[in-house]
Amino acid sequence: MDKFFLEIITPEKTFFRGEVESINIPSVGGACTVMAGHQPMVFAVEPGILTLTADGVTKEAFMSEGFVEVRPDETIAFSEAVEWPEDIDERRAQEAKERAEEMIRRNRSASEYKLNRIALQRAFARLRVKHHGDAGWKD
């Protein structure tokens, strides 16, 4: 399978840099799978599960809000946060989920509701990655 260069950047670090066969990214319009030779595009990322495939093996990670630039030979993703399952603090994610759920129940304004739904989405995605993923690449 053809490969392309992928770089995933957060404000703190370069999360990933290397050749991959595909990447599935949670986007605002639904998940988007990118492969070598993909048509150029830019799209917004929403919190969810990022899936990388390299050398026939796949690994999942949590990915927060951001955007992606796709070119035929490379893809660059910018995100507020990206974490491998082993880097996710499950207790912190569970507490964030509970806080967001409580704030949604209070539902003070439309803008607060939207912010709390995004916070809840981030917490759920982290917990899904933590429970579904493992510490290494998987077949």
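Placed above this text is the structure.
S.K.: Is there a simple way to think about the sheet that holds strand β1 (residues 4-9) in this case?
M.R.: With mixed pairing, the five strands of this open sheet are ordered in space as β2-β1-β9-β8-β5. This sheet does not close on itself; its edge strands, each paired only once, are β2 (14-20) and β5 (41-45). Across this sheet, the average inter-strand angle for adjacent strands is 10°, counted without regard to direction. Of the pairings in the sheet, the one linking β1 to strand β9 (residues 74-79) comprises five bridges and is parallel in character. The residue of β9 that forms the bridge with E7 is I76.

S.K.: I tried to follow the environment of L52 on my own but got confused; where do I start?
M.R.: Here L52 shows up in strand β6 (residues 48-54). Along the backbone, L52 and I23 are 29 residues apart, and their C-alpha atoms lie at a distance of 4.6 Å.

Rules used in this analysis
- Residues numbered from 1 in each chain as written.
- Predicted model: local features only at pLDDT ≥ 70, side-chain atom pairs only at ≥ 80, totals over all residues.
- Heavy atoms only, no water.
- Pairing = 2+ DSSP bridges.
- Helix = DSSP H or I, 4+ residues; strand = E, 2+ residues; numbered from the N terminus.
- Axes fitted to C-alpha atoms, helices over the stretch in contact; angles between N-to-C directions.

The analysis is restricted to geometry; functional conclusions fall outside its scope.
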